[in-house]
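Analysis of the macromolecular model
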Amino acid sequence: MSDSPPTTKLPAQSPPVDPAETEVAGHKASAGTARLSWWHGDGGDGARRNLALIGVLLILFVIGAATRSDLYSNPDWVWANMLSILKLASVVGVVTVGMTFVIIGGGIDLSVGAIVALAGVWCTTVATQSFGAAGMIFTAIVVGMAVGLVNGTLIAYGRLVPFIATLAMLVAARGLAAEISDKQTQISQNSTINGIASNSLLGIPLLVYILAAVVIAGWVLLNRTTFGRRTVAVGGNPEAARLAGINVKLHTVLLYVLSGLCCGIAAIMLTAQATSAQAAMANLYELDAIAAVIIGGTLLSGGRGTIVGSLLGVIIFATITNLFAINGLSTEAQNMVKGGIIVAAVLIQQVQFGSLSQFFRRNNRLTTS
Amino acid sequence: MTQHSRRRLLFGGAAVGAGVLLAGCTSNEQATPTEAQTKAAEGGGNAEPGKQVTIGFSAPAADHGWIAAITNNAKAQAAAYSDVEFKTVEAGADAAAQRAALSTLISQKPDVIVLLPHDGKELNSFGLEAMQAGIPVVNLDRAFPDAKAYRLQIKGDNYGMGVSAATFIVEQLKAKGVSNPVIAEIAGMDELELTQERTQGFNDTLAQHGFKVANRRAARFTVDSGQQETSQLLQALPKIDAIWNHDDDQGIGVLAAISQANRNEFFMVGGAGSKKAMEDIQADNTVLKATVTYSPSMASSAISLARLIGQERGMSDLVELQVPKEIILASETITKENASNYLKLGF
């Protein structure tokens, strides 16, 4: 669980920046704030927070065992149930990995659900299905990355605020998906694709392997590569990152392409699960992913975050869904609890990182260059 | 820099290539179930061409197979009559947009307006306005609260769907001699009145036989939500006797979840009556054994009746000289035995 971001020192390629210098370069944001203070002093915090999230999961497990002791007394059922929770978390989990990168990089991607729907619809058209499983996977991934490229280009080079650019894409991509599918549900006839959701290897569903692979790749990319360090630097202070020689615009584009790639992978998984695709699917996945990123401890304003925390966030939400389902409770109550957990997670973050005013000062920074 | 630009060139080239390839991947064979769902304009009586009638039509552009079928059916039915001119306006994304679109329709002075409102309550005032302007309004499926706001109301029976589904389930379980059955329900969007009515009909009918729903999950009428909610429902109930799924479109996901979980100890009843569901019932190779109808063929009937209203004719099988004011379609139960009769109504 050594998931703490490289927070104790500046990334190798960015020399220490004089706060006065960033103040001159920056604009509007609260003058006189030591903007780089967040770099220091919270080493090891990600690991601590992740332990807290695991604690929450254990509590949820105990609640489940207490309320449905009849089911939990059967170890086979408990194992099957844990796998079902992971399968439920798998699609949003993959989307969340991409979202974590975008948010650490100081942006936001509201279009992820729409990209999943568009990629899913595009890869299940009659024409695409004629190319077989490889053609479907290729299509979903290329569509996802292409939409991400448009998002990133609009934001980095068109200077659109990420919120607006991706909100526009949310609407447009769903529109295109509805156009392509003619508002019909497109059934996947491909047994290889459908098998992704129904097959297991060594007793573990393939979907869980895909989730694990994406999470591990994301963790390595964030914590062990230049790309990851640049992401943290760009999200933390784009101006400082630019002065340190990072191509901030290009990096921003790549972050949205990465998010699109994750959406393309998720589209394949979701299409396999539902054995079909339609324009309305993956509804509100953007909110699920953002919520998971937040309770995972990633700052919504960028510059710091963890992949493992986001994953735990997704698993917590899936566990709550499962808990409410096995107890036969309504979806409304479930949504209220989810909302409460998001608020609680953010409040805990504020307490952990000092006073409320510090929290707001930290948020009061540039989000785009 | 050269390395950079070369990489960029490579990436750009790949993107263009992929774009060309993908553009070829958008084509879909056009599913046109509409012809079968229209009533052929032949034979005597009302089918005889009469006075030229202009029918204005408006329905939401939703991402759902059922709504798509409504619009397709209306168009096809209108095309089947030589004496009908069909004018359709986009209903936009919400009630306000539909109201705006409809006001342009009024100015074109159609003889009759057929509309499926986004929301019956919100568009009630439009119904009143059109009726006052002397244009008869045919309300399709989403009722206006005000009786003066429509000339004819034709709709499906949501409560009746629940009754039909429960009746089939009770019959089957009694025939099998199951005394204390585990019955599960996958509903549609819970915030909609139609979902609540369906559930009410289901619960009331089960209660008459001393049965009740053991667990209920609400999906969102989409295939993926159907799959996800069902996967959790199956976890909650290790043994099930019967499931009612409100909607055949989300039912594709429901059936996927059931087969992914390798469960087959129960039977399932669907809702709405999609072509896919009817084919599955006929093939009898899934747990889906029946579906209760809520057919979009009501749009075809609405156009036929709008034409009669415009021509001031009655329904030839009824004694009355004018079309009735209210028609509620029965929710019929489709099983393996009668599926072939209904297949032409599937959407």
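Because the structure is predicted, anything quoted here is derived from the model rather than measured.

This next bit is on the sheet that holds strand E3 (residues 112-115) of chain B. Either a parallel or an antiparallel arrangement is found when strands of a sheet pair, and the pairing is made through backbone hydrogen bonds. All names here are of chain B. Judged by pairing direction, the sheet is parallel, and its 6 strands sit side by side in the order E2-E1-E3-E4-E5-E11 without closing on themselves. In this open sheet, the two strands that pair with only one neighbour each are strand E2 (84-90) and strand E11 (326-328). On average, adjacent strands in this sheet sit at an angle of 15° to one another, irrespective of strand direction. Contacting strand E1 (53-59), E2, E3, strand E4 (137-140) and strand E5 (152-155), helix H11 (residues 298-310) runs over the sheet at an angle of about 165° to E5.

Okay, the interface of chain B and chain A next. Taken residue by residue, the interface counts 36 residues in chain B and 41 residues in chain A. Secondary-structure elements contributing two or more residues to the side of chain B that touches chain A are helix H1 (2-23), helix H3 (65-79), strand E7 (213-218), helix H8 (223-236) and helix H9 (248-260) of chain B. In terms of residue count, H8(B) provides more of the side of chain B that touches chain A than any other element does, 9 residues in total. Considering only residue class, the side of chain B that touches chain A consists of 13 nonpolar, 16 polar and 7 charged.

Residue and element names in this part refer to chain A. When the UniProt feature table is mapped onto this chain numbering, "transmembrane region" (unreviewed entry) sits at residues 47-66, 78-104, 110-128, 135-157, 163-180, 201-222, 253-272 and 307-329. Annotated as 79% helix and 0% strand, the span residues 110-128 places its first and last C-alpha atoms 27 Å apart. Along residues 201-222, the helical share is 77% and the strand share 14%, with 28 Å between the first and last C-alpha atoms.

Turning next to the sheet that holds strand E10 (residues 288-293) of chain B. Residue and element names in this part refer to chain B. Read from one edge of the open sheet, 6 strands run E7-E6-E8-E9-E10-E12, paired in mixed fashion. Of all strands in the sheet, those bounded by a partner on one side alone are E7 and strand E12 (333-335). Taking the axes of each pair of neighbouring strands and ignoring which way they run, one obtains an average angle of 20° across the sheet. With 4 bridges connecting them, strand E6 (residues 183-187) and strand E8 (residues 242-245) associate as parallel partners. By the bridge assignment, Ala184 is partnered in E8 with Ile243. Most of the contacts of helix H7 (residues 193-208) go to E6, to which it runs at about 170°, and overall it touches E6, E7 and E8. Sheet strands in contact with H9 are E6, E8, strand E9 (267-272) and E10, and its direction is about 155° off that of E9.

This next bit is on the packing of helix H4 (residues 75-104) of chain A against helix H10 (residues 206-224) of chain A. Packed helix pairs are characterised by how far apart their axes lie and by the angle those axes make with each other. Residues and elements named next belong to chain A. In the contact formed by H4 and H10, the axes pass within 8 Å of each other and the chain directions differ by 30°. Viewed along their axes, H4 and H10 adopt a mutual orientation that is roughly parallel. With respect to the hand of their crossing, H4 and H10 are arranged in left-handed fashion. Facing H4, whose interface residues are Leu83, Leu86, Lys87, Ser90, Gly93, Val94, Val97 and Phe101, H10 presents Leu207, Val208, Ile210, Leu211, Val214, Val215, Gly218 and Leu222.

The subject of this paragraph is unusual backbone geometry. A negative phi holds for most residues other than glycine; trans holds for most peptide bonds. Positive phi values are uncommon outside glycine, yet A:Asp182 reaches one of about 55°. Take A:Asp182: it is sitting in the loop between helix H8 (162-181) and strand E1 (186-187). Positive phi values are uncommon outside glycine, yet B:Asn262 reaches one of about 55°. When you line up the elements, B:Asn262 lands in the loop between H9 and E9. Classification of B:Asn262 as exposed rests on a count of 8 C-beta atoms within 10 Å.

This next bit is on the domain arrangement of chain B. Residue and element names in this part refer to chain B. Taken domain by domain, chain B comprises domain 1 (34-156 + 296-313) and domain 2 (158-293). Taken over C-alpha atoms, the centre of domain 1 sits 32 Å from the centre of domain 2. Between domain 1 and domain 2, the residue contacts involve 4 residues of the former and 5 residues of the latter.

Once that is clear, we can look at the nonpolar core. The nonpolar side chains of a soluble globular protein tend to be buried, and buried together. Among the nonpolar cores identified, the biggest contains 198 residues, and A:Val95, A:Val116, A:Leu118, B:Val114 and B:Val138 are the most heavily contacted of them. Here this core spans two domains, and each of domain 1 (34-156 + 296-313) and domain 2 (158-293) of chain B adds at least three residues to it. Ignoring any residue separated from it by four or fewer positions in sequence, one finds A:Leu118 in contact with A:Val143, A:Val147, A:Ala173, A:Leu176 and A:Ala177.

The subject of this paragraph is the packing of helix H5 (residues 112-123) of chain A against H8(A). Residues and elements named next belong to chain A. Packing of H5 against H8 leaves a shortest axis separation of 8 Å and a crossing angle of 20°. Between H5 and H8, the angle is such that the two are roughly parallel. As H5 packs across H8, the resulting crossing turns out to be left-handed. Here H5 contributes Ala114, Ile115, Ala117, Leu118, Val121 and Trp122 to the contact with H8, which in turn contributes Met169, Leu170, Ala173, Arg174, Leu176, Ala177, Ile180 and Ser181. Taken together, the residues of the contact of H5 with H8 sort by class into 12 nonpolar, 1 polar and 1 charged.

Attention now goes to the confidence of the model for chain B. Note that predicted coordinates carrying low pLDDT should not be read in detail. On average, chain B scores 88 in pLDDT, and the residues at 70 or more come to 88%. Listed scores for the predicted complex are pTM 0.83 and ipTM 0.81.

This part covers the pairing of E1(B). In regular strands, side chains alternate between the two faces of the sheet. Residue and element names in this part refer to chain B. Among the 7 residues of E1, 6 are classified as buried, and the element is accordingly described as predominantly covered. Pairing between E1 and E2: 7 bridges, direction parallel. From the neighbouring strand, Gly56 faces E2, where its bridge partner is Lys87. Here E1 pairs with E3 via 4 bridges, running parallel. The partner of Gly56 across the bridge, within E3, is Ile113.

As a further point, take the environment of B:Asn139. All names here are of chain B. With respect to the helices and strands, the residue Asn139 is situated in strand E4. For the pair formed by Asn139 and Pro117, sequence separation is 22 residues and the distance between their alpha carbons is 7.6 Å. Once residues lying within four places of it in the same chain are set aside, the contact partners of Asn139 are Leu115, Gly127, Phe144, Tyr150 and Gln153.

A separate point is helix H14 (residues 285-295) of chain A. Residues and elements named next belong to chain A. Most of H14 is tucked away: 10 of the 11 residues are buried. All of the buried residues in H14 are Tyr285, Glu286, Asp288, Ala289, Ile290, Ala291, Ala292, Val293, Ile294 and Ile295. Following H14 by one or two positions, Gly297 adopts a phi angle in the positive range, close to 100°.

Take the environment of B:Ala187 next. All names here are of chain B. Along the chain, Ala187 falls in strand E6. Residues Ala187 and Glu229, 42 residues apart in the sequence, show an inter-C-alpha distance of 9.6 Å. Ignoring sequence-local partners within four residues, the contact set of Ala187 consists of Thr195, Thr199, Arg216, Ala218, Ala219 and His246.

What follows concerns the confidence of the model for chain A. Scored by pLDDT, chain A comes out at a mean of 85, with 82% of its residues at no less than 70. Contacts from residues 1-43 of chain A, a stretch scored under 50 in pLDDT, to residues over four places away or in other chains number 73 contacts.

Regarding helix H10 (residues 275-283) of chain B, the residues found buried are B:Lys276, B:Ala277, B:Met278, B:Asp280 and B:Ile281. Contact partners of the buried residues in H10(B): H9, E9, E10, E12 and helix H12 (339-342) of chain B.

Calculation notes
- Position numbers for residues start from 1 in each chain and track the written sequence from start to end.
- Just so you know, chain letters begin at A and ligand numbers begin at 1, following the order they were written in.
- Confidence filtering applies because this is a predicted model: local features only for residues at pLDDT of at least 70, side-chain atom pairs given and counted only at 80 or more, and all residues used for totals across whole chains, interfaces and linings.
- Two strands are counted as paired when DSSP detects at least two bridges linking them.
- Comment: elements are numbered from the N terminus, with helices defined as DSSP H or I runs of at least four residues and strands as E runs of at least two.
- The convention used is that axes are lines fitted to C-alpha atoms, helices contributing only their stretch in contact, and that angles between N-to-C directions extend from 0 to 180 degrees.
- We call two residues in contact when their backbone-placed C-beta atoms lie within 7 Å.
- The nonpolar class holds Ala, Val, Leu, Ile, Met, Phe, Trp, Tyr, Cys and Pro. Asp, Glu, Lys and Arg form the charged class, and all remaining residues, Gly among them, are polar.
- UniProt positions are given in the numbering used here, feature names are shortened, and annotations may be inferred rather than shown by experiment.
- The scheme is simple: roughly parallel for angles under 35 degrees, roughly antiparallel for over 145, roughly perpendicular for 65 to 115, oblique for anything else.
- Note on convention: the crossing is left-handed when the near helix lies turned anticlockwise from the far helix by less than a right angle, right-handed when the turn is clockwise.
- Counting other C-beta atoms within 10 Å of a residue's own tells you its class, since 20 or more makes it buried, 12 or fewer makes it exposed, and anything in between is partly exposed; those C-beta atoms are placed from the backbone.
- The start and end points of each domain follow an automatic or database-based domain assignment.
- By convention the nonpolar core is taken to be a set of buried residues drawn from Ala, Val, Leu, Ile, Met, Phe, Trp, Tyr and Cys and joined through C-beta atoms within 7 Å.
- Residue-level confidence of the predictor is summarised by pLDDT, bounded by 0 at the bottom and 100 at the top.

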